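The chain contents come next:
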Amino acid sequence: MTAQLPLPAPPVGGGCRAAPVLKERGQREVFCGLTGIIWLHRKMQDAFFLVVGSRTCAHLLQSAAGVMIFAEPRFGTAILEETDLAGLADAHKELDRVVAQLLARRPDIRQLFLVGSCPSEVIKIDLHRAAERLTIAHAPRVRVLNYSGSGIETTFTQGEDACLACMVPVLPETQARELLVVGALPDVVEDQMRALLAAMGVGPVRCLPAHRIDEETAIGPNTVFALTQPFLGDTHAALERRGARHLPAPFPFGEEGTTAWLAAIAREFGVSADTFAAVTDAPRARARKAIAQAAAALHGKTVFFFPDSQLEIPLARFLVRECGMTALEVGAPYIHDALVGPDLDLLPAGPVISEGQDVDKQLARARAARPDLTVCGLGLANPLEAEGLSTKWAIELVFTPVHFYEQAGDLAGLFSRPLRRKSLLKLEAAE
Amino acid sequence: MKLTVWTYEGPPHVGAMRVATAMKGLHYVLHAPQGDTYADLLFTMIERRNHRPPVTYTTFQARDLGADTALLFKEACRDAVERFAPQAIIVGASCTAELIQDDPAGLAETMGLSIPVIPLELPSYQRKENYGADETFLQIVRHLSRPQNRTARVTCNILGATALGFRHRDDVEEITGLLSDLGVEVNVVAPLGATPADIARLPAAHFNVLLYPETAEAAARWLEKTHGQPWTKTVPLGVGATRDFIAEVQAITGLAATADEGRLRQPWWSRSVDSTYLTGKRVFLFGDGTHVIAAARIARDEMGFEVAGLGCYNREMARPVRALAKAMGLEALITDDYLEVEAAIAALAPEMILGTQMERHIGKRLGIPCAVISAPVHVQDFPARYSPQMGFEGANVIFDTWIHPLVMGLEEHLLTMFRDDFEFHDEAGASHHGGSAPRRPAADVPRDISGQKMDAPEPAVVAVATADNIVWLGDAERELKKIPFFVRGKARRNTESYAAAKGLSQISIDTLYEAKAHYAR
């Protein structure tokens, strides 16, 4: 029966998994891992993220979030000052003081993440030790964990990976056969995903991260897990260390990706092809229709990805296979084959697959290729637009609900909007 | 270690970037880890710049730390000079690179580059963005300016305008026009739009016009000392200050030409009867020192407001801001702690805030209108239209900007008269603003004087004491609520101070109206 579950057809001319990778290093136009705090602190409603860093870290968080979007954010920075650099013992004492001050101000906080930064890593403040000490000091009300979001170790979305990975060792143990879905999803998307799985009879389903610390996310040898984001390499490894088993699949972007992702879970849980079809046929048809409408402007167009959020490979697969685009270059900050391998299998051979970045060289390639659409970070978008290239700024892909069937049309729309806009604006004289 | 939620200023290397990005033909090689490139988006997104900031980041990672980060710096430096062919480079370190002590200055000097290399020492753990800009511009001027004869005609340089500055683009244009009226030509505008070659020509001008002390006072002082150029001390923000500035320029140049006031509308707009409702409005001022000092004068002398409190976030300006506050009978708030500013505003309950984008959010939370007068900036502070703050057109713009958040005069009266109307009530906000006008719920839920909803049915006496242990009686509290919200804070404060001064322990309706009579103006 399970053999009849849908499997996406590999490309006729072969995929990109075996393609040579252009590895580059040089100036990188990407955020550091601290940026993940901007969405994680909304997702985990009882958590506070305290960056131990410099004024630059505080400025980054504020700038990347847009100045003061949120009334009072559940994140802050303990800014290192001259005196903290002089004596590390004092830095720990200072950190204890700042944490006490913070927790007194925010009695609603149940989990505190001490987030390492470039300066705290370089001067080697042991935040793990600090987290253990502070957990004891503030038990049982607050659990204190630590991870590094520093730019010398993490790239943009890797911050979420580091955060989730640091939670894995403290998750309770369970022997139950459960599905753990990993990756911070917008609430509306998470609910859709749960409804689809429930309708297939798959369960219980746990999510990491959970909204609150009290929810029953546990782990053990009978846990199988599915990733919703392609940047969760360390979390993947941490979960395997605790005996959980990964269900590799293309990522749930677009109709095809969502179907393949769900089918991998269905196969594991013995869902019949009939049940699968009964649950997914209607949303699949809706998704295809929505994509067709939104992607009309994308057909036959070329796309060039600068490395940014790590979503590049799955999104390129979506744009090429479901929106009729041609990928010229797909750049990712780093490529983790165990995670994005299934997407690389499906991405038709042809584009340059690049890992890392030397931004000026890559800009030269983009200028030479003249893509119809360039996906890049905020620092590059306006300069490229000014050169006449249409761009899609990549951070919007992380801040917008784009997973699963009901968002597939929106996802295509994110890419087609810059092209539609360009065709709408008419500023010349009528004659 | 200092717990920080939001910051008014970035780190000092961002100040250096503001100078480098403002200039042309200059490149900044910044020793920095991956991620510090976020600063590019400040310029490309907030300011909508159509080119990347001229900054090369070495982008070192953890694995490089054990190896040779110094080599990485030298490679980045060489590549940048080759690729961008700048006339000069500035080199420095961000906060993390400062810790690994590679000495970018020393490294760059050993490279034998054919262009000037200007080293920057910006202590990231002590100083902030404005210092970074000021110090960077000083170093550029020190290294590149050359002694030379003055120009034949009377000329000046305009100093201080940077990238990501609050209305710098338009201020420069406005002041250039004003100086032209005064018979003064502009020799160089810097940093904004200047090349290293232009910096070399700075000493040809007869004097310097310093528009933004925050970012160029050190350079102005150095040019005075080294090249004997006087500099203007008045920042032409507001009508009075612009007239003082004109007098100062005339005194320096000895020229008698005067400025065209034909387009100056602010004085009549402020005198016309429609503006009487502005009289005595209590305002709180916060921002960078320069803008706050200027805004205090405008608020008091040109708008007829009452300055209820003021302060600045840049400690470098603490002294003049404190002095001004003292002269106004106030105590200045010098802090870069956003939460302290919020607490001060909540305690003072002003009718309006003149602040930064941060205070705009505080105002939103506290229900107090706010106009933005100073950096830190936001995408909205870069309007497409011409919108200076300085000079006579700047005075017009400031008038419009400051009254926009307020409920207009006649509307204010109508709200006072018919404030119980379910559609047209004070909480709906000013009618010229978009957004939702929430319908008022059928019955007011009683609140204690701290604004908290009360659970129990309203008792005869509201047993909540003020800071002075004065109790508002229920009927007085109800009467207070009949006063529109935009003056309620003032009425509450006045009544409480009056009661405290009279030694009263309770506030009745009579106390409320006695206080009203006492403070009548």
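The rules behind the values
- Per chain, the residues get numbers from 1 upward, laid out in the order the sequence is written.
- Chains carry letters from A onward and ligands carry numbers from 1 onward, assigned in written order.
- In view of the model being predicted, local features appear only for residues whose pLDDT reaches at least 70, and side-chain atom pairs are presented and counted only at 80 or more, with totals across whole chains, interfaces and linings using the full set of residues.
- Heavy atoms from the whole structure form the basis of all side-chain values; hydrogens and water molecules are not counted.
- Strands here mean DSSP runs of E at least two residues long; helices mean DSSP runs of H or I at least four residues long; both are numbered from the N terminus.
- The cut-offs for exposure are 20% and 50% of the maximum accessible area for each residue type, with area from a 1.4 Å probe on protein chains only; residues under the lower value are buried, those over the upper are exposed, and the others partly exposed.
- Contacts: residue pairs with any heavy atoms within 4.5 Å of one another.
- A 1.4 Å probe and the Shrake-Rupley method give the accessible areas. Residues count as covered only by the protein chains that appear here.
- Two things to know: the radius of gyration comes from C-alpha atoms, and the globule rule equals 2.2 Å times the number of residues to the power 0.38.
- What makes a nonpolar core is a set of buried Ala, Val, Leu, Ile, Met, Phe, Trp, Tyr and Cys residues whose side-chain atoms join them at distances within 4.5 Å.
- Each domain's extent is set by a domain assignment, obtained either automatically or from a database.
- One bridge is not enough; two strands pair if DSSP finds at least two bridges between them.
- Note on geometry: axes are lines fitted to C-alpha atoms, helical ones only across the stretch in contact, with angles between N-to-C directions running from 0 to 180 degrees.
- Orientation is classified from the angle alone, with under 35 degrees giving roughly parallel, over 145 giving roughly antiparallel, 65 to 115 giving roughly perpendicular, and any other angle giving oblique.
- It is the rotation of the near helix from the far one that decides the hand of a crossing: anticlockwise by less than a right angle makes it left-handed, clockwise makes it right-handed.
- Residue classes follow a fixed rule: Ala, Val, Leu, Ile, Met, Phe, Trp, Tyr, Cys and Pro count as nonpolar, while Asp, Glu, Lys and Arg count as charged, and any other residue, Gly among them, counts as polar.
- For this analysis, a salt bridge means a side-chain nitrogen from Lys or Arg found within 4 Å of a carboxyl oxygen belonging to Asp or Glu.
- Expected span of a helix: the number of residues minus one, times 1.5 Å.
- Across the chain, each position has a pLDDT score giving the predictor's confidence in that residue, from 0 to 100.
- Side-chain rings of Phe, Tyr and Trp, where Trp is taken by its six-membered ring, are said to pair if the distance between their centres is within 6.5 Å; with planes under 30 degrees apart they count as stacked, over 60 as edge-to-face, and otherwise as tilted.
- A crossover counts as right-handed when, viewed with the strands pointing away from the observer, the path leading from the first strand over the helix to the second turns clockwise.
- Patch rule: a residue counts if its relative accessible area is over 30% and it has no salt bridge; like charges are joined within 9 Å, and nonpolar side chains (Val, Leu, Ile, Met, Phe, Trp, Tyr) within 5 Å.
- Defined in terms of a 1.4 Å probe, buried area is the accessible area two parts forfeit on being brought together, summed over both.

**Here's the deal with the overall build of chain B**
Then, number 1: Looking only at helices and strands, chain B has 21 helices and 16 strands in total.
Then, number 2: Per-residue burial for chain B yields a buried fraction of 60% across its 521 residues.
Then, number 3: Taking all contacts inside chain B whose residues are at least 6 apart in sequence as the whole, residues at least 24 apart take part in 70%.
Then, number 4: Counting every atom, chain B has about 21300 Å² of accessible surface; 52% of that belongs to carbon and sulfur.

**Regarding the overall build of chain A**
Then, number 1: When you go through chain A residue by residue, the secondary structure sums to 17 helices and 14 strands.
Then, number 2: Relative to the globule expectation of 22 Å for 431 residues, the C-alpha radius of gyration of chain A, 22 Å, shows essentially globular dimensions.
Then, number 3: Across its three principal directions, the C-alpha atoms of chain A cover 65 × 60 × 40 Å.
Then, number 4: For chain A, the residues scored as buried account for 62% of the 431 residues in total.

**Side note on the nonpolar core**
What tends to happen in soluble globular proteins is that the nonpolar side chains get buried as a cluster.
Then, number 1: Core analysis: the biggest nonpolar cluster contains 176 residues, and Phe 49, Phe 113, Tyr 147 and Leu 179 of chain A together with Tyr 28 and Ile 199 of chain B have the highest contact counts within it.
Then, number 2: Among the domains, domain 1 (21-28 + 285-430) and domain 2 (33-154) of chain A are the pair contributing at least three residues each to this core.
Then, number 3: Within the second largest apolar cluster, 55 residues are counted, among which are Leu 179, Ala 295, Leu 354 and Ala 371 of chain B.

**What about the sheet that holds strand β3 (residues 55-57) of chain B?**
All names here are of chain B.
Then, number 1: In spatial order, the strands read β3-β2-β4-β5; together these four strands make up an open sheet with parallel pairing. Each of the sheet's edge strands pairs with one partner strand only, and the pair in question is β3 and β5 (117-119). Taken over all neighbouring pairs, the strand axes of this sheet differ in orientation by 20° on average, direction set aside.
Then, number 2: Contacting β2 (26-31), β3 and β4 (88-93), helix α1 (residues 12-22) runs over the sheet at an angle of about 160° to β2.

**Examining the packing of helix α12 (residues 312-323) of chain A against helix α13 (residues 337-346) of chain A**
All names here are of chain A.
Then, number 1: As a packed pair, α12 and α13 sit with axes 9 Å apart at the nearest point and diverge in direction by 20°. One finds that α12 runs roughly parallel with respect to α13. The way α12 lies across α13 gives a crossing that is left-handed. Together, Ile 313, Pro 314, Arg 317 and Arg 321 of α12 and Val 340, Asp 343, Leu 344 and Leu 346 of α13 make up the contact between the two elements.
Then, number 2: A class-by-class count of the residues in the contact of α12 with α13 yields five nonpolar, no polar and three charged.

**Observations regarding the pattern of salt bridges**
Then, number 1: One pass over the structure, following the stated rule, counts 46 salt bridges over all chains.
Then, number 2: Here Arg 317 of chain A and Glu 322 of chain A are joined by a salt bridge, their closest N and O atoms 3.9 Å apart. Each member of the pair, Arg 317 of chain A together with Glu 322 of chain A, is buried.
Then, number 3: Between Arg 243 of chain B and Glu 261 of chain B there is a salt bridge, and its shortest N-O distance comes to 2.8 Å. Taken together, the residues span a long stretch of sequence, with Arg 243 of chain B in helix α11 (residues 239-253) and Glu 261 of chain B in the loop between α11 and α12 (266-271) at a distance of 18 residues.
Then, number 4: Note on Glu 261 of chain B: relative accessible area 35%, which makes it partly exposed.
Then, number 5: If you follow the salt bridges from partner to partner, you end up with Lys 43, Asp 187, Glu 190 and Arg 194 of chain A in one network.

**Focus: the sheet that holds strand β1 (residues 2-4) of chain B**
Then, number 1: Taken together, the five strands give an open sheet; going across it, the order is β5(A)-β4(A)-β2(A)-β3(A)-β1(B), and neighbouring strands pair in mixed fashion. Each edge of the open sheet carries a strand with a single partner, namely β5 (143-148) of chain A together with β1 of chain B. The sheet shows a mean angle of 25° between the axes of neighbouring strands, direction not considered.
Then, number 2: Strands β2 (47-53) and β3 (75-79) of chain A of the sheet are contacted by helix α2 (residues 55-64) of chain A, whose axis makes an angle of about 160° with β3 of chain A.
Then, number 3: Packed on one face of the sheet, helix α6 (residues 127-138) of chain A meets β2, β4 (111-116) and β5 of chain A and runs near 170° to β5 of chain A.

**Observations concerning helix α17 (residues 391-403) of chain B**
Residue and element names in this part refer to chain B.
Then, number 1: Helix length check: α17 (13 residues) gives 19 Å between terminal C-alpha atoms against 18 Å at 1.5 Å per residue, within 8%.
Then, number 2: Across the 13 residues that make up α17, a large majority, ten, are buried.
Then, number 3: Its buried side turned inward, α17 meets α8 (168-181), α11, α12, α13 (289-302), β12 (352-355) and β13 (370-372).

**Observations regarding the confidence of the model for chain B**
All names here are of chain B.
Then, number 1: Counting all residues, the mean pLDDT for chain B is 89, and 88% of those residues have values of 70 or more.
Then, number 2: Under a pLDDT of 50 for its full length, residues 440-464 has, in the predicted model, 42 contacts with residues more than four places off or in other chains.
Then, number 3: Our summary of model confidence lists the complex with pTM equal to 0.90 and ipTM equal to 0.93.

**So, unusual backbone geometry**
Then, number 1: Pro 140 of chain A follows Ala 139 of chain A through a cis peptide bond whose omega is -5°.
Then, number 2: Here Pro 140 of chain A is to be found in the loop between α6 and β5.
Then, number 3: Residues Ala 375 of chain B and Pro 376 of chain B are joined by a peptide bond in cis, for which omega reads 5°.
Then, number 4: When you line up the elements, Pro 376 of chain B lands in the loop between β13 and α17.

**Comments concerning the packing of aromatic side chains**
Centre distance and the angle of the planes are the two values used to describe a pair of aromatic rings.
All names here are of chain A.
Then, number 1: For the coordinates displayed, the defined rule picks out twelve aromatic pairs over all chains.
Then, number 2: A ring pair is formed by Phe 113 and Tyr 147, whose centres lie 6.1 Å apart and whose planes are at 70°; its orientation type is edge-to-face. Linking Phe 113 in strand β4 with Tyr 147 in strand β5, this pair joins segments that are 34 residues apart in sequence. For the residue pair Phe 113 and Tyr 147, the accessibility class agrees, reading buried in each case.
Then, number 3: The rings of Phe 31, Trp 39, Phe 156 and Phe 399 are connected pair by pair, giving a single aromatic cluster.

**Looking at helix α10 (residues 254-268) of chain A**
Every α-helix carries 3.6 residues per turn, so stepping three or four residues along brings you back to the same face.
Residues and elements named next belong to chain A.
Then, number 1: For α10, which comprises 15 residues, the first-to-last C-alpha distance of 22 Å matches the rise-based estimate of 21 Å (1.5 Å per residue) to within 8%.
Then, number 2: A large share of α10 lies buried, amounting to 13 of its 15 residues.
Then, number 3: Following α10 by one or two positions, Gly 270 has its phi on the positive side, about 65°.

**Things to note about the pairing of strand β10 (residues 302-305) of chain A**
When a strand is regular, its side chains alternate between the sheet's two faces.
Residue and element names in this part refer to chain A.
Then, number 1: Judged by which residues are buried, β10 turns out to be covered on both faces: Thr 302 and Phe 304 on one side and Val 303 and Phe 305 on the other are all buried.
Then, number 2: Two strands pair when backbone bridges link them, and β10 and strand β11 (residues 326-332) are joined in this way by four bridges, in the parallel orientation. What sits directly across from Phe 304, in β11, is Glu 329.
Then, number 3: In terms of handedness, the path from β10 via α12 over to β11 forms a crossover that is right-handed.
Then, number 4: Two strands pair when backbone bridges link them, and β10 and strand β13 (residues 373-376) are joined in this way by three bridges, in the parallel orientation.

**Digging into a nonpolar patch on the surface**
Then, number 1: Together, Leu 424, Leu 425 and Leu 427 of chain A give the surface a local cluster of nonpolar side chains, amounting to about 360 Å² of exposed area.
Then, number 2: Here Leu 427 of chain A is to be found in the segment after α17 (408-424).

**Examining the pairing of strand β12 (residues 352-357) of chain A**
Residue and element names in this part refer to chain A.
Then, number 1: With respect to burial, β12 is a largely interior element, five of its six residues being buried.
Then, number 2: Two elements, strand β1 (residues 21-25) and β12, share five bridges in a ladder whose sense is parallel. Residue pairing across strands places Arg 25 opposite Gln 357, the latter belonging to β12.
Then, number 3: In this fold, β11 hands off to α13, which returns the chain to β12; that crossover is right-handed.

**Topic: the interface of chain B and chain A**
Then, number 1: Contacts between chain B and chain A engage 57 residues on the former and 61 residues on the latter.
Then, number 2: With both sides pooled, the region where chain B packs onto chain A buries about 5200 Å², and carbon together with sulfur makes up 61% of that total.
Then, number 3: Three residues stand out in chain B for area buried against chain A, namely Met 1, Leu 3 and Trp 6 of chain B, and they jointly supply 19% of the buried area on that side.
Then, number 4: One can count four salt bridges joining chain B with chain A.
Then, number 5: The salt bridge partner of Arg 83 of chain B is Asp 360 of chain A, with a shortest N-O separation of 3.5 Å.
Then, number 6: Among the elements that take part in the side of chain B that touches chain A, helix α2 (residues 39-46) of chain B stands out by supplying five residues, more than any other.
Then, number 7: By residue class, the composition of the side of chain B that touches chain A is 26 nonpolar, 17 polar and 14 charged.

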